[in-house]
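Residues per chain, in single letters:
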Amino acid sequence: MIGLALAGCGGGGGGGSSSGNGNTTSAVAFAPATIAATADGTQRSEVRLVATPSAELASAKPADIFIKVVDSNQVFSSGAYISSNGDGTFNAVMSTQASLAAGSYSGQLQVQLCKSADCASQYAGSPVSVPYRVNVGMMQPALTRWDGVADWSTAQGNAKHDGYVPVTLDPAKFSLRWHWTTPLYNPPSEPTIYNGTAVTSAGKSLIGLDENTGSQRWSSYFGWPNTVNSSTDGLASANGLVYVSWLATGGNGANNAQLLTFDIKTGSQLRSASYTDRFNLGDTPASRPTVDNGTVYLAGQKLTTVSANGVVSSYGPTLGYQSASVAVDGQNAYSYGALMNTPTSSGSEGELHVFDKNTGALKQTLPDAVSYLNWVPRAHAVVGAQNDIILVNPWNQYSQRALTRLNVGGGVAWSVRGDFNGQPVVANGKIHITCNFPTRVETYDEASGKLLWSQVLPYSNDQSAVLTFAPMIVTNNLLFVNGTTALYAIDLNSHRIVWQYPGMGTLALSANGLLYVTTYSGITAINLK
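Calculation notes
- Residues numbered from 1 in each chain as written.
- Predicted model: local features only at pLDDT ≥ 70, side-chain atom pairs only at ≥ 80, totals over all residues.
- Heavy atoms only, no water.
- Disulfide = S-S within 2.5 Å.
- Buried < 20%, exposed > 50% of the residue type's maximum accessible area, 1.4 Å probe, protein only.
- Salt bridge = Lys/Arg side-chain N within 4 Å of Asp/Glu carboxyl O.
- Helix = DSSP H or I, 4+ residues; strand = E, 2+ residues; numbered from the N terminus.

Caption draft 1: The state of the cysteines, seen in detail. Tallied over the full model, the rule gives one disulfide. Paired through a disulfide, C114 and C119 show a sulfur-sulfur distance of 1.5 Å. Relative accessible area serves as the criterion here: at 14%, C119 is assigned to the buried category.

Caption draft 2: Spotlight on the pattern of salt bridges. For the coordinates displayed, the defined rule picks out seven salt bridges. For D151, the salt bridge is made with R145, and the minimal N-O distance between the two is 3.2 Å. When its relative accessible area of 40% is taken as the criterion, R145 is described as partly exposed. R288 serves as the salt-bridge partner of E190, at 3.1 Å between the closest nitrogen and oxygen. In this pair, E190 sits in the loop between β11 (175–181) and β12 (192–194) while R288 sits in the loop between β19 (269–276) and β20 (290–292), placing the two residues 98 residues apart along the sequence. When its relative accessible area of 12% is taken as the criterion, E190 is described as buried. Overall, the relative accessible area of 8% leaves R288 in the buried class. Here the salt bridges share partners, and the residues they tie into one network are D419, R440 and E442.

Caption draft 3: Fine view of the environment of N436. Along the chain, N436 falls in the loop between β34 (430–435) and β35 (440–445). With relative accessibility at 0%, the residue N436 sits in the buried group. Between the C-alpha atom of N436 and that of G483, which follows or precedes it by 47 residues, the distance is 9.9 Å.

Written out as structure tokens, the structure is:
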């Protein structure tokens, strides 16, 4: 495994030429130009750069170009794999050696662009120097909590579900900390994190992990005998407690659910409460809890709340299809859903319900501007910063999906159709969302809906590959996003990829500065400071 940090130079210029012939134009420009990487040292690890060739190199026949990578420190191997992006640029994939001793390595790669296999003659502007720094082995800096940053509690981090963590990060400091492999042959859930403990579920067990070391602190079994297709993806934490929403019975249409409460220090179960969850398609996880001031909000067939002493209440209309989680702000709770193939009260298939979070009174029903709502097992409302709600309607035809901004107390402010995929994240007046065909990130102005910029993500070998409701996290300066080949960080000023990690999964970011990447086999923690 490896993380790749890339630092641009002069607004994202390419690597410098060291040909010594007075020609200052590089044969190829790497964007960005400096590699800062972390590797575990036990296997060959790939790094990817985007290469733009000079006019001379671009006009040469591919069979007449021979590439050699020279590294006097022997951290990187001598070859490079080049593939076209179809737009005049190329992906350049270089690899570290298969076995490296723990430690820090720095140096410069000399990328030679040759006219023959023996490299007796090189193209103008060759070789190109690419500085690098590689930290090998798991790094264990002391964990310190960021000031003013809350724990990662629920879906997209907080009750607003905006995916925003207010910190400024330096990709050159990123390093691997630990990897935990699930022992239960069940994919782990995205963790919820509280005060140094990361809690995940796998199968019918809840597992508490030490943030510092990744070691298991406790495990609690919460399943019931004879359950069918039981599943949970629904974890939340607050005030020393972990909440688990759990489908006690399975199969299409089953929605008998439990909200379980555990002590996060010991893993001891404290209480349970029964409620009616959203309509289940057999593999749909229970709705994910949202905690606000001690009250747990659930996207059941109706808006459901569970008080601190376990009292269950339900409000509003009954919906067969409901969002993955309830969003909550200072005044309201927001639930998004519809009855499948049946017009709702507003005449639109998808609608947002706005509740007074203190009384449960239904204050407003807002259609989402799209005439059809596909089932929404992982969609939910996102609270913006301008008294608004951001929605993605996950209609199964990509071109018919919509990104919509609704004014609370008003109606649709704007709506944009496109091949959107995944939940948007919102910060500092901007909405970021992933799209397909090609896989990319798009950023919109929150107020107007104007597209501000777009960044295409590197393709996998299969250019028809699509993102599958890819999660994101946004900070003050970086956007973390899953592509089809890796996890990337994009600089919000330059709009360039400045870091990558060859593992994709659900994301969480703790107040102690650890980025969690959860895959089918386990969880990897990455130091961000």
